[in-house]
Amino acid sequence: MRTPLRMIVLGLALVAGGANVVGMAAAMPTASPVDEPVIVGTDGNGQSRSLSVGQELAVALPDNPSSGYVWKLSSIDQGVLHQEGAPQFRSTNPIPGAAGTSVWTFTAAGHGHTTLRLVSVRAGSAPAQTFTEDITVG
């Protein structure tokens, strides 16, 4: 039933504005596609990565908040790489206090370079782990 309606609308458009209306519809710009999100884990530590503006980066790191250690973000250039909300903790084990994964999500905000650095820290202790990636957005 929708096809006849489309034919009627197309016919009315042709009568009302001729081929110019149909030509304008074909020439309308479309949104440019954004690259697929990039997901990295500990294997990305110490690497360099290039992203395009608008592309998402998810960093998934092993975590166990019940140990007292938490991942903290060192300062980054938010104009280049923007953090999207708080990190999410995910565990596959339903037992309270079980280990899991913290997922940090970022969006490439603008052209430039920044260093993404996450540190696993506990109050009164030296950092237990560090995750670092050099990010270039172009």
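Presented here is a report on the structure given in the accompanying data block. (Residues numbered from 1 in each chain as written. Predicted model: local features only at pLDDT ≥ 70, side-chain atom pairs only at ≥ 80, totals over all residues. Heavy atoms only, no water.)

**Describing the pairing of strand β3 (residues 56-63)**
Link 1 in the chain: Examined bridge by bridge, strand β1 (residues 38-40) and β3 share three bridges and lie parallel to one another. In the strand pairing of β3, Val40 is matched with Val59.
Link 2 in the chain: With eight bridges joining them, β3 and strand β7 (residues 100-108) adopt antiparallel strand pairing. Residue pairing across strands places Ala60 opposite Val103, the latter belonging to β7. (Pairing = 2+ DSSP bridges. Helix = DSSP H or I, 4+ residues; strand = E, 2+ residues; numbered from the N terminus.)

**Quick look at the side chain of Gln55**
Link 1 in the chain: Here Gln55 shows up in the loop between β2 (47-51) and β3.
Link 2 in the chain: Take Gln55: its relative accessible area is 7%, and that puts it in the buried class.
Link 3 in the chain: Here Glu36 takes part through its backbone oxygen, which lies 2.7 Å from a polar atom of the side chain of Gln55. (Buried < 20%, exposed > 50% of the residue type's maximum accessible area, 1.4 Å probe, protein only. Polar contact = N/O pair within 3.5 Å; in protein donor to acceptor, adjacent residues only side chain to side chain.)

**With respect to the environment of His113**
Link 1 in the chain: When you line up the elements, His113 lands in strand β8 (residues 112-121).
Link 2 in the chain: On the basis of relative accessible area, His113 is assigned to the partly exposed category, the value being 47%.
Link 3 in the chain: His113 sits 34 residues away from Gly79 along the chain, and the two C-alpha atoms are 9.6 Å apart.
Link 4 in the chain: His113 has contacts with Val80, Asp134, Ile135 and Thr136, leaving out every residue within four places of it along the chain.
Link 5 in the chain: Among the polar contacts listed, one links the side chain of His113 to the side chain of Thr136, at a separation of 3.3 Å. (Contact = heavy atoms within 4.5 Å.)

**Focus: the sheet that holds β2**
Link 1 in the chain: Read across the open sheet, the four strands follow the order β2-β9-β8-β4; overall the sheet is mixed. Pairing within the sheet leaves two strands with one partner each, and these edge strands are β2 and β4 (70-73). Adjacent strand axes in the sheet meet at a mean angle of 25°, parallel and antiparallel pairs treated alike.
Link 2 in the chain: Alignment of β2 against strand β9 (residues 129-137), held across five bridges, turns out to be parallel. Across the sheet, Gln47 pairs through a bridge with Glu133, a residue of β9. (Axes fitted to C-alpha atoms, helices over the stretch in contact; angles between N-to-C directions.)

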